[in-house]
Amino acid sequence: MMIGVLVGVSVFVFLLLQLAPGNPALLIAGPDAPPETLRAIERELGLDQPIYVQYWRYLERVLHGDLGKSLRSRLPVSFEVARAFPVTFQLTLVATFFSVVVALPLGVTSAVHQNTWLDSGTMFLALIGISMPVFAVGLILMWVFGFYLGWLPISGFSPLTTVEGWRSIILPAVTVSSASIATMARLTRSSILEVLRQDYVRTARAKGLGEKVVIYKHALRNAMLPVVTVIGLQIGGLLGGAVVTETIFALPGMGRLAVKAIEGRDFPLVQGLVLLIAVIFALTNLVVDIFYALIDPRIRYE
Amino acid sequence: MIGKPVGHDRTILESQRALLGRRLLRHKTAMIGLVIISVMILVAIFAPYIAVQDPLQQDISNRFARPSRFHYFGTDALGRDLFSRVVYGSRISLMLGVVAVGIAFTIGVGTGLLAGYYPTIDLVVMRLVDILMAFPTILLAIAIVGVLGPGIFNAIVAVGITSIPGFIRITRASVLSIRETEYVEAARATGASEFRIIYQHILPNTMAPIIVYGTLHLSSAILSGAILSFLGLGAQPPAPEWGAMVSSSRQYLNLAPHTAFFPILAIFLTVLGFNFLGDGLRDVLDPRLKN
């Protein structure tokens, strides 16, 4: 199933580039190149072959880890991506952690105090979070904490092994997580509300368990399944948010690389990045599926 | 009573619609959303009369003016009147959202109907949907614009394409549940053609969740459009597009935060309006979805 999707993704990414206007050979050789040079480059790139042969060769190369060369830097795409990946990975990881840590308690509180001001207040905040474009959140945080209060750096990236690294990732991570905090909190709330109506919750209350035990042991555990699904789906959104956020905070990650590649019409780099992000996204969803079985013993995969 | 009066069904239908309308009118947040959106639409239509000056007219001697009674929202780095630019920006943002969702709606609902009704088509379509869904939405949009080239038209196409899978899925899901109902069986028994069954009997009954989804999706389409423009992939300067305006205000953020504030406020209010209305429509049209 997943392999099928990945093959489909590779076809899509391959075709995407075929749709790009202009002849790749012309891009490499420059506009004044004589026709013989063009034909030589076409032959070298295999552009004179039928499209399915071209796709097959592309797939072969990709499976051997060869994503082509960047038109701009002349470096292998895999090298460029390998350099940018850790930044995006760390940013997404910290943002995911942050979203879960903030969103779950918010959702639970909201559900437990359903129809009180606490509930409507939280949900109103969540709606604001969903309606804010990620770049707006980033710029507002940047202005308040970077310029006005001067507490945190507004750009740059250092590895997370340093204090400076942690200081510089706080604002971007909060920015990336803002939208998913809102979505996750809303979903946790509705999921808990659903579970609280179940018989086993009534039983737990009837046998005199404390409300905390009922909520955190009986309700939250059972409410987690849809929440985990959304955490998985949100990772796509978080990756998307990372693209924009990296541009705002000048982080040298895959997102900024992609935007630069598009501006420079660096198609091999764009193609490699898109393929890789899709693969990462698909793998994440696979991990989420496996995680289900761990948290819900009722689910077993054949 | 044996002989039903002629037009009985119609009366029921109309009174049902009136009931839904009344319920929507009583829904507070939905009404707030409707008011916000109506104001935005009016602003977009009457932009030339509301704007105080040409949104492209520069006045370098008057850069970064603070909001005042001459420039309600102040001026930007080139001394252009921000109020006028935000007002004209509503045209681009609303058009982008509506056209993109319109494209996705037409293609998505059409395909979803066929996929839900014919299992063989379903098999192929759902594989394609899986592939499109394998990309995070905004990244897919960025990739498409990346290949087609930056620009407002390509941004609309990109947002439209990325919105199609959602419409296919939601339409297909409701067709699957309606296909087996008794009234569809009855229609089939009376010899109605498949075309007639799909368009006359199934389509109208799938509309409620699609309308809710479409309204909520307008907000994310407008957001995506603004993000593309912010990244320099959508509307190009000097076009007064909200995302692009925020983008160009970035380098002067410390000096003149108001140049970012007003376009952000405009995006936020518009998106909030569609979210409010969508939530309200869902509560009214499909109360089961409310938790």
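Keep in mind that this is a model prediction, so the values were computed, not measured.

### Regarding the overall build of chain B
Then step 1. Scanning chain B from N- to C-terminus turns up 11 helices and 0 strands.
Then step 2. From first element to last, N terminus to C terminus, chain B shows the α and β order α-α-α-α-α-α-α-α-α-α-α.
Then step 3. Across the 291 residues in chain B, those meeting the buried criterion constitute 44%.
Then step 4. Once local pairs closer than 6 in sequence are excluded, the contacts in chain B between residues at least 24 apart make up 70%.

### Side note on the overall build of chain A
Then step 1. When its secondary structure is counted, chain A shows 12 helices and 0 strands.
Then step 2. Counting from the amino terminus, helix and strand elements in chain A follow one another as α-α-α-α-α-α-α-α-α-α-α-α.
Then step 3. The dimensions of chain A, computed from C-alpha atoms along their principal axes, are 85 × 55 × 35 Å.
Then step 4. Among the 302 residues that make up chain A, the fraction classed as buried is 37%.
Then step 5. Partitioning the contacts of chain A with sequence separation of at least 6, the portion at a separation of at least 24 is 71%.

### A look at helix α4 (residues 82-117) of chain B
Then step 1. The end-to-end C-alpha distance of α4 of chain B is 51 Å, a good match for the 52 Å that 36 residues give at a rise of 1.5 Å each.
Then step 2. Of all bends in α4 of chain B, the biggest is about 25 degrees, found at G89 of chain B.

### Some words on the interface of chain B and chain A
Then step 1. Contacts between chain B and chain A engage 34 residues on the former and 40 residues on the latter.
Then step 2. Secondary structure elements with two or more residues in the side of chain B that touches chain A: α5 (119-133), α6 (137-148), α9 (194-230) and α11 (258-285) of chain B.
Then step 3. Residue composition of the side of chain B that touches chain A, by class: 24 nonpolar, 7 polar and 3 charged.

### A closer look at the domain arrangement of chain A
Where interface size is quoted, it is often the accessible area lost as the parts come together.
Residues and elements named next belong to chain A.
Then step 1. When its domains are assigned, chain A resolves into domain 1 (2-63) and domain 2 (87-295).
Then step 2. Listed by partner, the interface residues are 9 residues for domain 1 and 8 residues for domain 2.
Then step 3. Among the elements that take part in the side of domain 1 that touches domain 2, helix α1 (residues 2-19) stands out by supplying 7 residues, more than any other.
Then step 4. Its residues placed into classes, the side of domain 1 that touches domain 2 shows 8 nonpolar, 1 polar and no charged.

### Concerning the nonpolar core
Then step 1. In terms of nonpolar packing, the biggest core is built from 150 residues, with A258 and L273 of chain A together with I227 of chain B touching the most fellow members.
Then step 2. Looking at this core, the element that brings in the most residues is helix α10 (residues 211-249) of chain A, giving 15 residues.
Then step 3. Split by domain, the residues of this core number at least three in each of domain 1 (2-63) and domain 2 (87-295) of chain A.
Then step 4. In this structure I227 of chain B touches P133, V134, F135 and V244 of chain A together with I138 and G243 of chain B, once residues within four positions along its chain are discounted.

### A short note on the confidence of the model for chain A
Then step 1. In this model, chain A carries a mean pLDDT of 80, and residues with pLDDT of at least 70 account for 93%.
Then step 2. Within chain A, no element has a lower average pLDDT than helix α2 (residues 24-29) of chain A, which sits at 68, and none a higher one than helix α5 (residues 77-112) of chain A, at 86.

### Describing unusual backbone geometry
Most peptide bonds take the trans configuration, and most residues that are not glycine carry a negative phi.
Then step 1. For the bond running from P237 of chain B to P238 of chain B, omega is 5 degrees, close enough to zero to count as cis.
Then step 2. Mapping P238 of chain B onto the fold places it in the loop between α9 and α10 (242-249).
Then step 3. In this structure, A250 of chain A is a non-glycine residue whose phi angle is positive, near 55 degrees.
Then step 4. Checked against the element boundaries, A250 of chain A lands in the loop between α10 and α11 (254-263).

### Observations regarding the packing of helix α7 (residues 134-148) of chain A against α10 of chain A
Residue and element names in this part refer to chain A.
Then step 1. As a packed pair, α7 and α10 sit with axes 9 Å apart at the nearest point and diverge in direction by 35 degrees. Both α7 and α10 take part in a crossing whose hand is right-handed. Touching V134, F135, G138, L139 and M142 of α7 are G241, V244, T245, I248 and F249, all from α10.

### Focus: the environment of L114 of chain B
Then step 1. Position of L114 of chain B among the secondary structure elements: in helix α4.
Then step 2. Through-space distance from the C-alpha of L114 of chain B to that of L20 of chain B is 29 Å; in sequence the pair is 94 residues apart.

### Here's the deal with the environment of G150 of chain A
Then step 1. Among the structural elements, G150 of chain A can be located in the loop between α7 and α8 (163-196).
Then step 2. Sequence separation between G150 of chain A and W56 of chain A is 94 residues, and the spatial gap between their C-alpha atoms is 54 Å.

Reading the values: rules and limits
- Residues numbered from 1 in each chain as written.
- Chains lettered and ligands numbered in written order.
- Predicted model: local features only at pLDDT ≥ 70, side-chain atom pairs only at ≥ 80, totals over all residues.
- Helix = DSSP H or I, 4+ residues; strand = E, 2+ residues; numbered from the N terminus.
- Buried ≥ 20, exposed ≤ 12 C-beta atoms within 10 Å, placed from the backbone.
- Contact = placed C-beta atoms within 7 Å.
- Expected span 1.5 Å × (residues − 1).
- Bend = angle between axes of the 7 residues up to and from the residue.
- Nonpolar A, V, L, I, M, F, W, Y, C, P; charged D, E, K, R; others polar.
- Domains from an automatic or database assignment.
- Core = buried A, V, L, I, M, F, W, Y, C linked by C-beta atoms within 7 Å.
- pLDDT = per-residue confidence, 0-100.
- Axes fitted to C-alpha atoms, helices over the stretch in contact; angles between N-to-C directions.
- Left-handed = near helix turned anticlockwise from the far one by under 90°.

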